[in-house]
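Observations on the three-dimensional arrangement
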Amino acid sequence: MPETTYIEGIAAPLPTPNLDTDQIMPKQFLRGIDKAGLDRGLLYDLRYDANHEPRSDCVLNDPSYQGASVLVGGSNFGCGSSREHAVWGLQQFGIRAVIAPSFGEIFYNNAMNNRLLLVMLEPADVARIVADVSDPATHRIAIDVQAMTVRSHSVEVPFTLSERHRHMFLHGLDMIGATLARWSEIDAFQQAHWRARPWLRDIAATTRARLAAAPPGSLP
């Protein structure tokens, strides 16, 4: 199936509740002026010890979970600050979806607008999926956005998305793309607005031109 509608791959269990954006993307990795290299900072304090050596107890350092494209998280995943870098870091690391019982509100909007799929399920269903993916023999997951289902080794459950977010995923759109897809409607609204209120059109440019043309000393 197209990548925009179907995500299938290794899922890593990370069922820590209240995993906030400061942990997902620590502040020392926010110094750049672009998005480059954020994958290095993802969950840094969980992945590395004080000597910057990989922690053997972190699932993302386990060879069995290398290349994971889905995280199965705990409740309130992505709470905390509004840093969008947390979303970008997850995506750069290769994560295409996160499954959890609930998400921080700002993180949810940032993620969905950047096409990082967030799937909210009942806690009991998430717990069953965590049990599946905690075994490397059964750690693969399939998420079908067209059918709105999640399937692990022993679980198949439906999920819901807002119609806007579902449309974005089905058509491969981020927030800008979703806006531009309605450009004809936006342009029609704008033209109708100018026809009804012609005195407001280009008012800033008109004012600047009048000020520039005014004789020196004629303005208060």
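Our subject is the structure that appears above.
Residues take numbers from 1 onward in each chain, read along the sequence in its written order. With the structure being a predicted model, the display of local features is reserved for residues of pLDDT at least 70 and the display and counting of side-chain atom pairs for 80 or more, all residues being used for whole-chain, interface and lining totals. For side-chain calculations, the full set of non-hydrogen atoms in the structure is used, while hydrogens and water are omitted.

A closer look at the sheet that holds strand 4 (residues 117-120)
Threshold: Here a strand pair is declared whenever DSSP counts at least two bridges between the two strands. By the criteria applied, helices consist of DSSP H or I runs no shorter than four residues and strands consist of E runs no shorter than two, each listed in order from the N terminus. The angle between two axes is taken between their N-to-C directions and runs from 0 to 180 degrees, where each axis is a line fitted to C-alpha atoms and a helix contributes only its stretch in contact.
Taken in spatial order, the seven strands make up an open sheet running 4-3-2-1-5-6-7, and their pairing is mixed. Every interior strand has two partners, whereas the edge strands, strand 4 and strand 7 (156-158), have only one. Adjacent strand axes in the sheet meet at a mean angle of 25° when their direction is disregarded. Relative to strand 6 (residues 149-151), strand 5 (residues 140-144) runs antiparallel, the two being bridged by three bridges. Bridging from a neighbouring strand, Ala142 pairs with Arg151 of strand 6.

Here's the deal with the side chain of Thr5
Formally: Only protein chains enter the area calculation, which uses a 1.4 Å probe; residues under 20% of their type maximum are buried, those over 50% are exposed, and those in between are partly exposed. Residue contacts are counted whenever heavy atoms from the two residues lie within 4.5 Å of one another.
For Thr5, the location among the structural elements is in the segment before strand 1 (6-14). Its relative accessible area of 8% is what places Thr5 among the buried residues. Discounting chain neighbours no more than four positions away, the residues touching Thr5 are Ile143, Asp144, Val145, Gln146, Phe169 and Leu170.

With respect to helix 5 (residues 123-133)
Applicable threshold: Arc, as used here, means the arc of the directions from the helix axis to the C-beta atoms.
Residues Asp125, Val126, Ile129, Val130, Asp132 and Val133 constitute the buried set of helix 5. End-on view of helix 5: buried residues confined to an arc of 160°, all on one side of the axis. What points out from helix 5, more than 90 degrees from its buried face, is the exposed set Pro123, Ala124 and Ala131. Where helix 5 is buried, its residues touch strand 1, strand 2 (70-73), strand 3 (97-100), strand 5, strand 6 and strand 7.

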